[in-house]
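Here is what each chain is made of, one letter per residue.
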Amino acid sequence: MTDLPARLKGLVAFSFGDSPALADELLALVLEGRKTATCSRPQDYGDGKEPMPQLGRHDVVLDGQARAAAVVETIELTYRRFDEVDAAFAHDEGEGDRSLSFWREAHETYFRRNGGFSPDMDLLCERFRVIEVLER
């Protein structure tokens, strides 16, 4: 990971997705204001991995080259099963046509690629807001 500016040291830094290309694609949606939500499996946090999100915490979003691109604040955290994610949350994830059917297909593919999928799997659903766009 890239070195963060001194004023951002101590903040959690992460990128969206599982590849540099996907990190850049999802970051672009964040910077447009289209993506204001994300989800992950709770087991993908802790034990040497990224720390669990926390309400009110500011985090640094990295681009596909691990450069600091934005600071976001977590404004909502909810646990839901995959099959309980609703159309409003899918819309706020901002991907594709923003429909629940697109969300389900894309996320099932993503989770299968990254450790497994089940319709009743638990997800940590997070909404966030951009606090600052950083110069890269």
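Located above this text is the structure these notes cover.
Residues numbered from 1 in each chain as written. Predicted model: local features only at pLDDT ≥ 70, side-chain atom pairs only at ≥ 80, totals over all residues. Heavy atoms only, no water.

K.L.:
Sorry if this is basic, but what is going on with the overall build of the protein chain here?
P.N.:
Scanning the protein chain from terminus to terminus reveals 3 helices and 5 strands. Starting at the N terminus and ending at the C terminus, the protein chain contains elements arranged as β-α-β-β-β-α-α-β. For 136 residues, the compact-globule formula gives about 14 Å, and the C-alpha radius of gyration of the protein chain, at 14 Å, lands near that figure. Each principal axis of the C-alpha atoms in the protein chain carries an extent, and together these give about 40 × 35 × 25 Å. Within the protein chain, the proportion of its 136 residues that are buried is 42%. Sequence separation of 24 or more characterises 71% of the internal contacts of the protein chain that already satisfy a separation of 6 or more. As displayed, the protein chain offers around 7,200 Å² of accessible surface, 48% of which is attributable to carbon and sulfur atoms. Taken as two groups, the 17 positive and 26 negative side-chain charges of the protein chain have centres that lie 1 Å from each other. (Helix = DSSP H or I, 4+ residues; strand = E, 2+ residues; numbered from the N terminus. Rg over C-alpha atoms; globule rule 2.2 N^0.38 Å. Buried < 20%, exposed > 50% of the residue type's maximum accessible area, 1.4 Å probe, protein only. Contact = heavy atoms within 4.5 Å. Areas by Shrake-Rupley, 256 points an atom, 1.4 Å probe, with all protein chains shown as cover. Lys, Arg positive; Asp, Glu negative; His and termini not counted. Charge placed at Lys NZ, Arg CZ, Asp CG, Glu CD.)

K.L.:
In this structure, what is going on with the environment of Pro5? I would like to understand it.
P.N.:
Structurally, Pro5 is set in the segment before strand S1 (12-14). Since its relative accessible area comes to 40%, Pro5 is described here as partly exposed. A C-alpha to C-alpha distance of 8.5 Å links Pro5 and Ala68, two positions 63 residues apart in sequence.

K.L.:
Would you take a moment to explain the layout of surface pockets for this structure?
P.N.:
For the largest pocket, the calculated volume is near 650 Å³. Around the largest pocket sit 32 residues that line it, and Phe16, Gly17, Thr38, Cys39 and Tyr110 are the ones nearest its centre. Every element with two or more residues in the lining of the largest pocket is listed here: helix H1 (20-32), strand S2 (37-40) and helix H3 (100-113). For the lining of the largest pocket, the element with the highest residue contribution is H3, accounting for 7 residues. The residue makeup of the lining of the largest pocket, split by class, is 13 nonpolar, 8 polar and 11 charged. (1 Å grid on protein atoms, 1.4 Å probe; cavity = no way out; pocket = protein on both sides within 12 Å on 5 of 7 lines; lining within 4 Å. Points joined across faces, edges and corners; volume = space filled by probe spheres on them. Nonpolar A, V, L, I, M, F, W, Y, C, P; charged D, E, K, R; others polar.)

K.L.:
Sorry, what's going on with H3 here?
P.N.:
Residues lying three or four places apart along an α-helix face the same way, a consequence of the helix completing one turn every 3.6 residues. Over its 14 residues, H3 extends 20 Å from the first C-alpha to the last, a length consistent with the 20 Å expected when each residue adds 1.5 Å. Taken as a whole, H3 has its buried residues at Leu100, Trp103, His107 and Phe111. Taken around the axis of H3, the buried residues stretch over an arc of 50 degrees, which confines them to a single face. In H3, the exposed residues that point more than 90 degrees away from the buried face are Ser101, Glu105 and Arg112. Its buried side turned inward, H3 meets S2, helix H2 (87-93) and strand S5 (122-133). (Expected span 1.5 Å × (residues − 1). Arc of directions from axis to C-beta.)

K.L.:
Which parts of the structure should I look at to understand the nonpolar core?
P.N.:
Side chains of nonpolar character tend, in soluble globular proteins, to be buried together. In terms of nonpolar packing, the biggest core is built from 13 residues, with Cys39, Phe82, Val85, Trp103, Phe111 and Leu123 touching the most fellow members. Counting only elements with at least two residues in this core, the list comes to S2, H2, H3 and S5. Considering every element that reaches this core, the biggest residue donor is H3, with 3 residues. By size, the runner-up hydrophobic cluster in this structure holds 12 residues, among which are Phe14, Phe16, Leu27 and Ala70. (Core = buried A, V, L, I, M, F, W, Y, C linked by side-chain atoms within 4.5 Å.)

K.L.:
So what exactly am I meant to see when it comes to the sheet that holds strand S4 (residues 68-81) here?
P.N.:
As summarised here, the arrangement of the 5 strands in space is S1-S3-S4-S5-S2, forming an open sheet in which the pairing is mixed. Sheet topology places S1 and S2 at the edges, where each strand pairs with a single neighbour. Here the strands of the sheet are splayed against their neighbours by 40 degrees on average, with no regard to which way each runs. Sheet analysis places strand S3 (residues 58-62) next to S4, joined by 5 bridges and oriented antiparallel. For Asp59, the partnering residue across the bridge sits in S4 and is Val72. The strands touched by H3 within the sheet are S2 and S5, with S2 carrying the most contacts at an inclination of about 40 degrees. (Pairing = 2+ DSSP bridges. Axes fitted to C-alpha atoms, helices over the stretch in contact; angles between N-to-C directions.)

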